[in-house]
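Observations on chain architecture
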Amino acid sequence: MRPVTLPSVLAISVLLASPRATQDPLIRGFSAASAKEEMRWETTFRALPSRDSLRSYLQLLSARPHHIGTAYGKANAEWIRDRLISWGWDAKIENFDVLFPTPLERVVELVGPVHFKARLQEPSVAGDPSSSQHTEQLPTYNAYSIDGDVTAPLVYVNYGVPGDYETLARHGISVKGAIVIVRYGGSWRGIKPKLAGEHGAVGCIIYSDPRDDGYHAGDVYPKGAWRPADGVQRGSVMDMPVQPGDPLTPGVGAVAGTPRVAISEAITLTKIPVLPISYRDAEPLLRAISGQAAPEDWQGGLPITYHIGPGAARVHLKLRFDWKTVTLNDVIAKIPGSTEPDHWVIRGNHHDAWVNGAQDPLSGQISLLEEARALGTLLKQGWRPRRTIIYAAWDGEEEGLLGSTEWVEAHAAELAEHAVSYINTDVSSRGFLGMGGSHVLERFINDVAKDITDPETQLPAWKRVQLQTIANTAGDDRSEARSARDLHINALGSGSDFTPFLQHAGIASLDLGFGGEGGGGIYHSIYDDFSWFTRFDDTSFAYGQALAQTVGTAMMRLADAEVIPFEFTRQAQTFRTYMDELKKLLSDKQDEAAERNRQLDEGLFQAMSDPQQPSTLPARLDTPPHLNFAPLENALDQLSKAADHYELAMNTLVGDSAARWPSSAINQLLLGTERALLHRNGLPGRPWFQHLVYAPGLYTGYGVKTMPGVREGIEQRKWQEAEQEIARVAESIAAEARLVESASTELEKH
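Okay, so let's go over this structure. (Residues numbered from 1 in each chain as written. Predicted model: local features only at pLDDT ≥ 70, side-chain atom pairs only at ≥ 80, totals over all residues. Heavy atoms only, no water.)

Core analysis: the largest hydrophobic core is formed by 214 residues, its most contacted members being Trp 89, Val 108, Ile 181, Leu 286, Phe 575, Leu 632 and Ile 733. Ranked by residues supplied to this core, first place goes to helix α22 (residues 719-748) with 11 residues. Setting aside chain neighbours within four positions, we find Leu 632 in contact with Met 579, Met 707, Ile 726, Val 729, Ala 730 and Ile 733. (Core = buried A, V, L, I, M, F, W, Y, C linked by side-chain atoms within 4.5 Å. Buried < 20%, exposed > 50% of the residue type's maximum accessible area, 1.4 Å probe, protein only. Helix = DSSP H or I, 4+ residues; strand = E, 2+ residues; numbered from the N terminus. Contact = heavy atoms within 4.5 Å.)

Below you can see the structure in the form of structure tokens.
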């Protein structure tokens, strides 16, 4: 689902080992003898992934369109299952029945001042056979838009993010009763119709502007990698920041016999009709808009002056969907653990696509398959994981994380008892290793990255990212980057299948992938196929091989460690930075209130151009009150002390024989640490999201909000709610601290 992003946004952390530690373990969580054996098996494993195998998998799996509910999607799932069985895995397909609307009618036409009807079709490209499979391709549309038939003035709202509506308000422009046209970018697509509807718009049209995703960035396909004039980004607009998964079975697995809500009661459908179009179809619409010229940073790449409107431009938008239920196919495969079979290490990537999906998602799926083949080879050579390994190929991810969410909801009780961790991949490309996830796994994944060779530079993958960060920073940040032991991993918002595992089930998770050097503007279009991928992306499959080596090594290490390799010191320090950010946010809100009220007093705002409310001005802002952060500060002190104690206890075991290392009892305590950060009532207004530290923002979509209840309470000026959320977050962190302290005490018994 997610587009490739440059991981240069990774920051660098400082060396965080306890000052009392005298030596780092050879591999965290392993005794000396076990570490040597583990390194031998990992070295054998990393030699096995084959670029030729990756290429053959991609060619087969991307040969036909395979969105959810298609015959080829089912055939792909069965092929994946059968390959896994042939490699020694216990594999099966689990089915769920989910709502999946597809278009029956799509109309976008300019009805004044001139007439124009949008084509709404992506043409085939010479030399690319997959692009001509029109009868199997999904039309260009946004899944989970409601039906609608509206005619209204057209208003251009840039990226359609909250700041853009603030700009409109400053210029006295309202979208009430209008259809908005908005460009992709700036936020996840589902936020655009959500905000438009909340501001009174009756319809939404989304297009890819060539400045962001077209000829302004480089040559377009087929000459180059970028989006051609008729290319369209499909995608879901389900309100996933409220809850992902099947809209009709919220919170429970969508198996046969599950009660379902009526479509009219589904809370994650859009409130207004929305449709994506190409920039060729968008140009006549934008050219027809009059009114104020758009601000400079709103001007796109088309050869016109962009205006905001409203004016004479009127558009007819008509959408009608077939609201059917289809069966999705999740492939689930296991290797049973030899010593702790009731502890599960889980890894997943989705296999469904909007069309052929060579890059999204198969660039990650083929690496998963090659890991599985290599692990099967190790089984034949005598290796046995300590814990049970589960590999999953999810279906229905593109529409709203359907396959993974339904599986997690259906197996919630088992996962609460057994799950150690989840590792996700999705889109992967050439370039730098991107790492995001739970901060208890930060030290762990840094250590793994140091053992992986970047295929382009022959440096450790970790070192390549470090050097890039050094090149892109200056001053103290550059000095810190040079001396850092670990790279700081990103907190996770949403956009792929880690969401239900981390934010609903409280399972420590990682999201991994290479990227930053693959060109591209074919995301969610018919041109994301084998021809494009082998010309412009990971053409030699070297980075697919590196991804398999990275994730496979991580899975082996998590499955084989005597002690689950969580580390809490960095987590405690990272959580403290989140608290500091919240304090600054509160201070910024105080400054914002003072400035807004000053501008109103000086008459610097125009009245809204809303015929029903002609004199409306932005409201005055109340001054934020003092919020009591003391409970959170105290809880973070507890976690920091417990983390230091745990590191000291762990380091007493360094170099000892395996006989002195603890049994699975210590690991059962560690399983609960991420779960301690959940609250059964969830976040305010969205109970499905139960993690109190990591969640997607209500108005960011994919982008993370850390300590989201507090942060969004402050952003939305809900001061009482923000203070209540501070107390809830503090309670959860204190509960985790108590578990870490218990784990430390248990370690000291050995």
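Anyway, onward from the coordinates.
The next thing to look at is the packing of aromatic side chains. Within this structure, the stated rule accounts for 24 aromatic pairs. Look at Tyr 57 and Trp 79: their rings are 6.0 Å apart centre to centre, the planes differ by 65°, and that puts the pair in the edge-to-face class. With Tyr 57 in helix α2 (residues 51-61) and Trp 79 in helix α3 (residues 71-86), this residue pair connects regions lying 22 residues apart in the sequence. Judged by centre distance (6.4 Å) and plane angle (90°), the rings of Phe 566 and Phe 568 are edge-to-face. With respect to class, Phe 566 is no different from Phe 568; both count as buried. Ring pairing ties together the aromatic residues Tyr 141, Phe 321, Trp 323 and Trp 354, which thus form one cluster. Positioned above the aromatic ring of Trp 41 is the side chain of Arg 40, whose terminal nitrogen or guanidinium carbon lies 4.6 Å from the ring centre. Stacked on the ring of Trp 462, the Lys or Arg Lys 450 has its end atom at 4.6 Å from the ring centre. (Phe/Tyr/Trp six-rings, centres within 6.5 Å; stacked < 30°, edge-to-face > 60°. Lys NZ or Arg CZ within 6 Å of the ring centre and 35° of its normal.)

Structurally, His 524 can be placed in the loop between β14 (508-516) and α16 (530-536). Classification of His 524 by relative accessible area gives buried; the value is 3%. A distance of 3.5 Å separates polar atoms of two side chains, one belonging to His 524 and the other to Trp 354. In terms of polar contacts, His 524 uses its side chain to reach the side chain of Asp 360, at 3.0 Å. (Polar contact = N/O pair within 3.5 Å; in protein donor to acceptor, adjacent residues only side chain to side chain.)

Once that is clear, we can look at α2. Taken together, the buried positions of α2 are Ser 53, Leu 54, Tyr 57, Leu 58 and Leu 61. Looking down the long axis of α2, one finds its buried residues gathered within 130° of arc, a one-sided arrangement. Looking at the buried positions of α2, the neighbouring elements they touch are α3, α8 (362-380), α16 and α17 (542-560). The backbone nitrogen of Asp 52 lies 3.2 Å from a side-chain oxygen of the residue at the head of α2, namely Ser 50. (Arc of directions from axis to C-beta.)

Its location among the elements puts Gln 571 in helix α18 (residues 569-601). Taking the relative accessible area as the measure of exposure, Gln 571 reaches 0% and is therefore buried. Between the alpha carbons of Gln 571 and Ser 640 there is a distance of 8.7 Å; along the sequence they are 69 residues apart. Once you skip the residues sitting within four places of it in the chain, Gln 571 turns out to touch His 439, Val 440, Leu 639, Leu 677 and Glu 736.

Turning our eyes to something else, we now look at the side chain of Arg 717. Its place among the elements puts Arg 717 in the loop between α21 (708-715) and α22. Not counting residues up to four positions away in its chain, the partners in contact with Arg 717 are Lys 589, Glu 592, Ala 593, Leu 621, Asp 622 and Pro 624.

Strand β10 (residues 340-350) sits mainly inside the fold: 9 of its 11 residues count as buried. One crossover worth recording links β10 to the parallel strand β11 (residues 387-394) by way of α8, and it is right-handed. Bridging between β10 and strand β12 (residues 419-424) involves 5 bridges; their strand directions are parallel. Following the sheet pairing, Arg 347 is matched in β12 by Ile 423. (Right-handed = clockwise from strand over helix to strand, strands pointing away. Pairing = 2+ DSSP bridges.)

Let us now look at unusual backbone geometry. Working note: non-glycine residues mostly have negative phi, and peptide bonds are mostly trans. Backbone torsion omega between Tyr 221 and Pro 222 reads 15°, so that peptide bond is classified as cis. For Pro 222, the position within the fold is in the loop between α6 (210-213) and β7 (235-236). Following Gly 309, the chain continues into Pro 310 via a peptide bond in cis, with omega recorded as -10°. With respect to the helices and strands, the residue Pro 310 is situated in the loop between α7 (279-288) and β9 (314-335). Even without being a glycine, Leu 401 presents a positive backbone phi close to 55°. Structurally, Leu 401 is set in the loop between α9 (397-400) and α10 (402-410).

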